[in-house]
Amino acid sequence: MNNYKLIIMTDDKQVVLERILQVTRYRGFLIDGITAKVNTGNNIATIELFVSSDRSIALLIDQINKLVDIKSVKVDNSAAKRLKAKECSA
Amino acid sequence: MTDSKLLTGSGLLFNVLEQHGVNHVFGYPGGAIMPIYDALCESDIQHFLCRHEQGAVFSAVGYARASGNVGVCMATSGPGATNLITGLADAWADSIPVVAITGQVPTAAMGSDAFQEIDIFGLSLACTKHSFQVTNIEELEKVLHQAFEIALEGRQGPVLVDIPKDIQMASVKQTFDTTEHLKNKVKLPLADISKALNLLTHAKQPILYVGGGVGMANAIDEVREFAQKTGMPSVSTLKGLGAINPDNENYLGMLGMHGTKAANLAVHDCDLLIAVGARFDDRVTGKLDQFAPNAKVIHFDIDTAEINKRREADAPILGDLKENLPLLALALNIEDWQSKVQQMKNDFAWRYDHPGDNIFAPAVLKEVSDLMPKNTCVTTDVGQHQMWSAQHMSIDDPCNFLTSGSMGTMGFGLPAAIGAQISRPHDTVIAVSGDGSIMMNVQELATIKRYQIPVKIILIDNAKLGMVRQWQDLFFEGRLSETDLSDNPDFCMLAQSFNIKAKQIRKKSEVTDAINDMLDHNGPYLLQVKIDAKDNVWPLVPPNSANNEMMESA
C-alpha cells in the first residue's frame, strides 16, 4: 500500500467534495485524511487529500482531473514520504 | 444583450433547448415537472411520451447515437428520476451525449423527505459526466448552456439538470449570453509523434485496433484512409463496428470475447498495436497480461485517463483523432503479414452450413444484413442475439449499429430504435432483440403504436435467457438456474395488440420471404424467429483466458 497526499484546487461549486470522494473510493483508493478550505476572495477551494492504494496514483489524478470543476491536482511527494515514515515508526 | 420579456424558468428551458437545435425530446410527466410540461404546450419542440422513464432515456440515447446530436429526456422527481438512472449509466459508460432534465420538489421542501423527493443530484454523481441542481433562477440559463457544452465536449457523456418546481415557475429574463464557458483547465498536449513514427516504421506485424471513439470523433474518413494507406490489418471493438469499411480486405472484424478467430489470433501475434479511440476493455482483452503480449502500443485517445489505465502505451497520442491520425499515415512494407492475416481470414471465415430445418440465427442476421437498404440503422438488445448481430451483420458506419456496449443493458434495443427512427425518419431502423431482453422495455410498443413509428423488430426467440444459459452449460456444469422462459407471452399477439404487424417463423425455408415481407412493410413490424435453445455463440474466449485460447464448440 502506498500513501499519497494530493493537493486539489477547485472551483467552490456544489458537491465538488462529494464528487472527489466518490471518484476516489470508486477508483480503489482509501481516504486517510482530508482538509478543505475556501478562499472567499476568488471562490477557489484547496483540498488536501491523503489517500492510500496499491494502484498507481496517476490513475486517480487523471480521474479527478476529469471532474468539471477541478482546476488542478498535484501529488505532494514529500508529504507522502513523511506519512510513510510516520506509519513505519508507529 | 437582447431585450426580452419575462419568462418562467420552464419557458426559458425550452428557449435554450431550441437555441441548441433540439427538435425532439422524450419524457414522462409527473407532479414536480408539471410547469415544464405546461410550457411544452407553447414550444415548437416535439415531445414523445414514452411509457417508462427508462424508455425515454434510452430513446434519447438512440437518438443521439443515430444522429450525432444531443439526445434530451425529461422526467419528474423521485421515481421518475430514479428510472432514468440505468439509461444515464449506459450513456456514461458508452460516452453518449444526453441531457436529462428532472423536476424536483420545491426548494423549500427539499431535504424534508417530501412526496416524490429523492436526491437525484447525489444519485447522479456516479453515472453522469456532470450534473447540476439549479436553486437560483438566475443560474438556470447558464447551467442549461453548460449542460450542452459538457455533454459534447471532449469525451462525450450524459449531463443531468435537476430543476426544483419553484425554479420552473419563477420569473426570469433571458440574457442570450452564451459566452461564459465552463472549462477552465489548460490541457497539456501529450503526443509522442516521433516515437510513434519510429515504432511504426520498425513494425513487421502491426494491427489497427479501432474503438467507438473513432465515430464519436467524426474521424471515420481519417481512420479508413489510414487503414488504406498503411495497408495495416485492422480489428474493431463492439462499439467501433462500422468505422472500418467492412469490405476492406485487411479488416478482420470484431476482436475479444466473441470476436473472430482471425482477429484474436492476429492481435495475439502482432508486434505493434495501434489503439484508436479504444480503451482495452476487459471484454476485448481477455486475460490482460496475455493480450497482444509481444506488442508495443501506440494509443490515440481524447481522454487522458484512458492512457496507461489498463495497458501502458509506448507512445500515447492525446487529442483530436482527425488531426493526429493522418500524421502517421505512411505506406508500410508488410506484405508477408498481410498475406498471413488474409489467409487466417479465409481459413476462419464464418460458416452458415447449419444442419437440419431449424433456423440458424447467424444465417438470418447475415441475410437481413444483405437484404436491408443502405444506411439502415440496427439496434440490438443484450445477449446472444447481440453478439450474433455484431459478428454476422455488415455495418458501414458506427451510427448504424447501436448497442449497449459497456453497460450491457437488456432493454436498450427497442427504445433506442424508437429514438433512432425519430432522428432519421427516412432510414430503415431494425431492432434485433431476444425474448429475454424485449420484455425489459416491452411497454415501448405503446410508444410505437402511438406515433406509428415504423421500427422493424427481429425477435430471436429461444425461450431462454440464452447467454446466461450458455454460460451455465459451459461453466456451471449445465445446472440451469432461472434461465428458462418457456412461459413467455405470445409475442405475435402481443405485438398485434399494439397494432404492430407480426409473424412467427420456425423453419429455414421461411426466412427469406419473411425478411422481405418485413422490410417491404410500411409500418412497424415484429418478426419472431424461433431458434433452437441449444445454439451457442462461438467462438468464445472463456473468462480469465487469453484471446488465443478460444473455445469453438462445447
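Before reading further, recall that the structure is shown in the block above.
What counts, and where the lines are drawn
- Residues numbered from 1 in each chain as written.
- Chains lettered and ligands numbered in written order.
- Predicted model: local features only at pLDDT ≥ 70, side-chain atom pairs only at ≥ 80, totals over all residues.
- Heavy atoms only, no water.
- Core = buried A, V, L, I, M, F, W, Y, C linked by side-chain atoms within 4.5 Å.
- Buried < 20%, exposed > 50% of the residue type's maximum accessible area, 1.4 Å probe, protein only.
- Contact = heavy atoms within 4.5 Å.
- Salt bridge = Lys/Arg side-chain N within 4 Å of Asp/Glu carboxyl O.
- Buried area = accessible area lost by both parts, 1.4 Å probe.
- Polar contact = N/O pair within 3.5 Å; in protein donor to acceptor, adjacent residues only side chain to side chain.
- Helix = DSSP H or I, 4+ residues; strand = E, 2+ residues; numbered from the N terminus.
- Nonpolar A, V, L, I, M, F, W, Y, C, P; charged D, E, K, R; others polar.
- Pairing = 2+ DSSP bridges.

A few words on the nonpolar core. Residues and elements named next belong to chain B. Core analysis: the biggest nonpolar cluster contains 89 residues, and Leu 208, Leu 273, Ile 274 and Ile 298 have the highest contact counts within it. Apart from residues lying up to four places away in sequence, Leu 208 is in contact with Val 223, Phe 226, Ala 227, Met 232, Pro 233, Ser 234, Val 235, Ile 244, Ile 274 and Val 276. Counting 49 residues, the second largest nonpolar core, distinct from the first, contains Ala 64, Ala 100, Ile 418 and Ile 438.

Take the pattern of salt bridges next. Two side chains that carry opposite charge are able to pair once their charged atoms sit near each other. Across all of its chains, the model carries 24 salt bridges over all chains by this definition. Salt bridges here are not isolated pairs; linked through shared partners, they connect Lys 66 of chain A together with Arg 155, Asp 303, Glu 306 and Lys 309 of chain B.

The next thing to look at is the interface of chain B and chain A. With 19 residues of chain B in contact, the opposing surface of chain A contributes 19 residues. For the pairing of chain B and chain A, the buried interface totals around 1600 Å² over both sides, and the portion due to carbon and sulfur atoms is 50%. Across the chain B-chain A interface, the total number found is one salt bridge. Here Asp 303 of chain B ties to Lys 66 of chain A by a salt bridge, and the two come within 2.6 Å at their closest N and O atoms. Our enumeration of links across chain B and chain A arrives at three residue pairs in polar contact (both at pLDDT 80 or more). Here the element with the most residues in the side of chain B that touches chain A is strand 6 (residues 130–133) of chain B; it accounts for three residues. Its residues assigned to classes, the side of chain B that touches chain A comprises eight nonpolar, seven polar and four charged.

Below, the discussion takes up the sheet that holds strand 18 (residues 456–461) of chain B. Residues and elements named next belong to chain B. Taken in spatial order, the six strands of this open sheet run 16-15-17-18-20-19, and their pairing is parallel. The sheet terminates laterally at strand 16 (401–402) and strand 19 (501–505), the two strands that pair on one side only. The pairing of strand 19 with strand 20 (residues 525–530) spans five bridges and is parallel. Pairing of Ala 502 across the sheet is with Leu 526, part of strand 20.

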